[in-house]
There are 2 protein chains.
Amino acid sequence: MISSEPLLRSFVEVRPESHFPIQNLPFGIFTPKVGGRARAGVAIGEMVLDLAVLEAQGFFDGPQLRSQHVFSQPALNAFMALGRPAWQEARATIQQLLRADNPTLRDNAELCSQALWPTAGVTMSLPADIGDYTDFYSSREHATNVGIMFRGRENALMPNWLHLPVAYHGRASSVVTSGTAIHRPQGQTMAEGAPAPLFAPSRSLDFELEMGFFVGLGNQLGAPIPATEAAGHIFGLVLVNDWSARDIQRWEYQPLGPFLAKNFATSISPWVVTLEALAPFRVPGPAQEPEPLPYLRSREEWAYDIHLEALLQSEAMSEPVVITRSNFRHLYWNMAQQLAHHTITGCNLRPGDLLASGTISGPTPDSYGSLLELTWRGERPIQLPSGETRKFLQDGDRLTLTGWGQGDGYRIGFGEVTGQILPARAV
Amino acid sequence: MISSEPLLRSFVEVRPESHFPIQNLPFGIFTPKVGGRARAGVAIGEMVLDLAVLEAQGFFDGPQLRSQHVFSQPALNAFMALGRPAWQEARATIQQLLRADNPTLRDNAELCSQALWPTAGVTMSLPADIGDYTDFYSSREHATNVGIMFRGRENALMPNWLHLPVAYHGRASSVVTSGTAIHRPQGQTMAEGAPAPLFAPSRSLDFELEMGFFVGLGNQLGAPIPATEAAGHIFGLVLVNDWSARDIQRWEYQPLGPFLAKNFATSISPWVVTLEALAPFRVPGPAQEPEPLPYLRSREEWAYDIHLEALLQSEAMSEPVVITRSNFRHLYWNMAQQLAHHTITGCNLRPGDLLASGTISGPTPDSYGSLLELTWRGERPIQLPSGETRKFLQDGDRLTLTGWGQGDGYRIGFGEVTGQILPARAV
């Protein structure tokens, strides 16, 4: 993290705590509130750089992006599909244009007025049309905690867990962008010892602190992606809140896994941070013992030191409070292993597919990634500054996830993903 | 099934055993082998009626379809999204044009040459862009059989099974159309008592005899579809073969359900048979005890008498042999209940989503819908006419599903979904 080079700066003002310095340059899809079509942009400080405007004016004239028209589309899928050389070329072009010492954009007031939008003046939407969404279960601490609570300590970690990255298919249609309010789900639950199930609003609505990555280049049906080639297929990462109704999950999940307990909504942050931007935070991952089968081995390090927080704000509180602090580096199974495993039987991934990590819990009770774990199934309620307590989320609560890599004098951040719980709707 | 009206006939020749008489009129997406773009068609006897040509010439001039241009698109999603009145209007228009006593198309040789393609001269593709694919587990006989084999007789049917239609999210990207060859998947398996898992081609590759329906009208996130309104949301049905690698499934499936054991491929038949066409085959479903919760109740009958068969042909055989006969009416949970359950926590469905039934096993051992059940986990191999035996599928085997409703003098059929097993690829 210590660099002897002077820190690269943009002519656009970027405050020291900003998530979006010139070192980051995350991609997203925005629509100006004054009107216009959804298109691609890059976050820089408190501004959004309009890539569609730059594209139309011929700034993306390198060999990968020339005449591609990928940035005027309402989703990043076409750009994602171009592959790593195109992503790198775009990043280099954008970084060059935003440098403090480059007059091209800086001194062109008319172009600046067309191509730079204040963040407050735009609405963000999903970065991609998500064809399929997969959720892994890659935190050993989380799997162990949940296993103890649902199945007892002796069956906590299933026999397969240390041999393969367990995952299930999630619901793509209900992945929503940050800010979307979530109605409390209703469904079937079965109380311990009750004679029959009950239909009612969930009484144990939870969040899950996760990260996810978007697939860039896909693969053909029947042609697995080797772990050693993962970098060419991972476009970038977002924060993921996998909202979960624990009481519904407990009743429905055997034998085929979670379904309604998860598919009512999954929220993601709008800015996709690229592997390129995250390179300074690459660290060794946890030791893996037993050694995974050969198809799950890669030579490179695939963990990232990304600090993660979840914040809760009840309606009685004037500001949110941090309820847990975790780190992406805790994950046992990494993204390269997830990609290799997902495709090993031949499953095809497509540009824009989302692969989430599963809840990222750390080793200590203040680093757990869900209320289920933080309150140990409601046995140890959280104390809020307002004097309230929480076992699970109440109506009106707002849950926010944030995260960043801390560089020397800058942060590569993910912004946030937030959502407020609304009361159950009348059925 | 007994009708006193004379049977409606088409001027297009339809043999008595054909699946596609004028009473059926299933929708699909085809491309002429001589070239041209993929577009919508309807099967009639051994011909395909080109709806894009009819649309361009103004034949769909009713209030629902006028100036919609849904049939020139390479997927039926836009047509599905129009809703039941539009589907009925299209069916009425097409049935009218194909009647033996209507000269409009019959006597217009030029239009016939443009709008009628021999089935042998076209290639079929997926009927829709499938946003999400869900697989239910709605056959009580299948769930009981598998439960006995995987968990023992005392835990066969989980406590939740009689209270809700169990389901999991499947993989949309690997849903393929009939005729697609399937490479034997490779992956991790764990032999009974072995010290560590093995990586190898699956040794227990299986089929699952299923049907599935395409969602027409969808619903907004947070707004469940009542069981009583299901008919407005179900566009039509296809045959589904949910290829399954039992050894991979057994090792991976706990606690989050099947993943790689299923996501390498799911095959569907290309023609979507509408609820309208299936109306004559509506029958009462199985009694449900205990009575389901109110949100799972509907006043109408929702079972359909559709005869189903699976056929197997090894490379040594000159023709396929029927290995099981089942019926769609055996399903315990029906489509209206599946729709209501899927959306009850608020999950949104979109036009073109596919909801499959799960394996449809009948009550007798010759009506089971998978090799796992037919051979009882390989303990009772199937005898083939070639003298070969089968516990599970071997390389070179072709597995075909077919099905139809038998009317008085006509069949409403689904054609077939077929696929051949190719050897595992080198990794």
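None of these values were measured; they are calculated from a predicted model.

Definitions and limits used
Residues numbered from 1 in each chain as written. Chains lettered and ligands numbered in written order. Predicted model: local features only at pLDDT ≥ 70, side-chain atom pairs only at ≥ 80, totals over all residues. Heavy atoms only, no water. Helix = DSSP H or I, 4+ residues; strand = E, 2+ residues; numbered from the N terminus. Rg over C-alpha atoms; globule rule 2.2 N^0.38 Å. Contact = heavy atoms within 4.5 Å. Areas by Shrake-Rupley, 256 points an atom, 1.4 Å probe, with all protein chains shown as cover. Phe/Tyr/Trp six-rings, centres within 6.5 Å; stacked < 30°, edge-to-face > 60°. Buried < 20%, exposed > 50% of the residue type's maximum accessible area, 1.4 Å probe, protein only. Lys NZ or Arg CZ within 6 Å of the ring centre and 35° of its normal. Buried area = accessible area lost by both parts, 1.4 Å probe. Salt bridge = Lys/Arg side-chain N within 4 Å of Asp/Glu carboxyl O. Pairing = 2+ DSSP bridges. Expected span 1.5 Å × (residues − 1). Least-squares fit on C-alpha atoms with pLDDT ≥ 70 in both. Axes fitted to C-alpha atoms, helices over the stretch in contact; angles between N-to-C directions. Core = buried A, V, L, I, M, F, W, Y, C linked by side-chain atoms within 4.5 Å.

> Mind showing me how you'd approach the overall build of chain A here?
When helices and strands are tallied, chain A shows 11 helices and 26 strands. The C-alpha radius of gyration of chain A comes to 22 Å, within 12% of the 22 Å expected for a compact globule of 427 residues. The C-alpha extent of chain A, read off along each of the three principal axes, is 70 × 55 × 45 Å. Look at the contacts in chain A between residues 6 or more apart in sequence, and 72% of them connect residues 24 or more apart. About 15800 Å² of surface is accessible on chain A, with carbon and sulfur atoms providing 51% of the total.

> Could you clarify how one ought to interpret the packing of aromatic side chains in this entry?
In total, this model carries 26 aromatic pairs over all chains according to the counting rule given. Plain terms: the ring middles of A:Phe30 and A:Trp117 are 6.5 Å apart, the flat faces sit at 55 degrees to each other, and that makes the pair tilted. With A:Phe30 in strand E1 (residues 27-32) and A:Trp117 in strand E4 (residues 116-118), this pair connects stretches of sequence that are 87 residues apart. With 5.2 Å between their ring centres and 90 degrees between their planes, B:Trp87 and B:Phe235 make a pair best called edge-to-face. Of this pair, B:Trp87 sits in helix H3 (residues 84-98) while B:Phe235 sits in strand E14 (residues 234-241), and the two are 148 residues apart along the sequence. Take B:Phe235: its relative accessible area is 1%, and that puts it in the buried class. Three or more aromatic residues joined by ring pairs form one cluster here, namely A:Phe27, A:Phe60, A:Phe71, A:Phe79, A:Trp87 and A:Phe235. The cationic tip of A:Arg282 hangs over the ring face of A:Trp302; the distance from NZ or CZ to the ring centre is 4.3 Å.

> Quick question: what am I supposed to make of the interface of chain B and chain A here?
Accessible area lost during the coming together of the parts is what is often quoted as the interface size. Taken together, the contacts link 57 residues of chain B with 56 residues of chain A. The contact between chain B and chain A buries some 5500 Å² in all, and 63% of this surface belongs to carbon and sulfur atoms. The largest share of the area that chain B buries against chain A comes from B:His169, B:Leu256 and B:Phe259, three residues that together contribute 15% of it. Where chain B packs against chain A, one counts four salt bridges. A salt bridge links B:Arg171 to A:Asp353; its shortest N-O distance comes to 2.6 Å.

> Quick question: what am I supposed to make of the side chain of B:Thr189 here?
One can find B:Thr189 in strand E10 (residues 186-189). Ignoring any residue separated from it by four or fewer positions in sequence, one finds B:Thr189 in contact with B:Pro197, B:Leu198, B:Asp247, B:Ile248 and B:Trp251.

> Sorry if this is basic, but what is going on with the pairing of strand E6 (residues 133-136) of chain B here?
Every other side chain in a regular strand lies on the same face of the sheet, so the side chains alternate between the two faces. All names here are of chain B. Burial along E6 is two-sided: the face carrying Tyr133 and Asp135 and the face carrying Thr134 and Phe136 are both buried. Two elements, E6 and strand E22 (residues 354-356), share three bridges in a ladder whose sense is parallel. Its bridge partner lying in E22, Thr134 is registered against Leu355. The pairing of E6 with strand E7 (residues 167-169) spans three bridges and is antiparallel.

> Please clarify how helix H6 (residues 140-151) of chain A should be interpreted in this entry.
Three or four residues apart is the spacing at which side chains of an α-helix point the same way, because the helix has 3.6 residues per turn. All names here are of chain A. Taking 1.5 Å of rise per residue, the 12 residues of H6 would be expected to cover 16 Å, and the 15 Å separating its terminal C-alpha atoms lies within 8% of that figure. Counting buried residues in H6 gives nine out of 12 residues, a clear majority hidden from the surface. Among the residues making up H6, those that are buried are His142, Ala143, Asn145, Val146, Gly147, Ile148, Met149, Phe150 and Arg151. Contacts from the buried residues of H6 go to helix H7 (246-252) and helix H11 (371-374). A positive backbone phi angle near 95 degrees is found at Gly152, which sits one or two residues after H6.

> Before we go on, may I ask you to explain the relation of the copies chain B and chain A in this structure?
There are two copies of the chain, and a rotation about an axis plus a shift along that axis relates them. Rotating chain B by 180 degrees and translating it 0.0 Å along the rotation axis places it on chain A, where the RMSD comes to 0.0 Å. Given the turn and translation reported, the copies of this chain are related as if by a two-fold rotation axis. Measuring from the rotation axis to each C-alpha of chain B, the shortest distance belongs to B:Gly257, at 2.2 Å. Taken together, the interface assignments show that 98% of the residues at the interface of chain B recur at the interface of chain A, consistent with an identical surface on both copies.

> Looking at this structure, I do not really get the pattern of salt bridges. What am I missing?
Two side chains carrying opposite charge are able to pair once their charged atoms lie near each other. Residues and elements named next belong to chain B. As enumerated under the stated definition, the model contains 40 salt bridges over all chains in all. For Arg15, the salt bridge goes to Glu17, with nearest N and O atoms at 3.7 Å. A salt bridge links Asp242 to Lys262, with the shortest nitrogen-to-oxygen separation between them at 3.0 Å. Of this pair, Asp242 sits in the loop between E14 and strand E15 (244-245) while Lys262 is found in helix H8 (residues 260-263), placing the two residues 20 residues apart along the sequence.

> Would you take a moment to explain the sheet that holds strand E5 (residues 122-125) of chain B for this structure?
In sheet architecture, strand pairing relies on hydrogen bonds along the backbone and comes in two forms, parallel and antiparallel. All names here are of chain B. An order of E4-E3-E2-E1-E5 is seen for the five strands of this open sheet, with the pairing classed as antiparallel. Looking along the sheet, the strands with just one partner apiece sit at the ends: strand E4 (116-118) and E5. Ignoring strand direction, the axes of neighbouring strands in this sheet form an average angle of 45 degrees. Note: strand E1 (residues 27-32) against E5, four bridges, orientation antiparallel.

> Looking at this structure, I do not really get the sheet that holds strand E9 (residues 182-183) of chain B. What am I missing?
Residue and element names in this part refer to chain B. Strand order across the open sheet formed by five strands is E9-E26-E25-E20-E21, with mixed pairing between neighbours. Each edge of the open sheet is held by one strand with a lone partner, namely E9 and strand E21 (321-327). Looking at chain direction, strand E20 (residues 307-313) and E21 are connected through six bridges and run antiparallel. When the bridges of E21 are listed, His307 appears paired with Asn327.

> Hey, could you run me through the nonpolar core in this one?
Nonpolar side chains in soluble globular proteins generally cluster together in the buried interior. Ranked by size, the top nonpolar core spans 163 residues in total, and within it A:Phe328 and B:Phe328 carry the most contacts. With residues up to four places along the chain from it excluded, the contact list for A:Phe328 reads A:Met211, A:Leu237, A:Tyr304, A:Ile306, A:Leu308, A:Met335, A:Ser357 and A:Ile360. If you look at the next biggest cluster of nonpolar residues, it comprises 44 residues, including A:Ile22, A:Leu54, A:Leu65 and A:Phe79.

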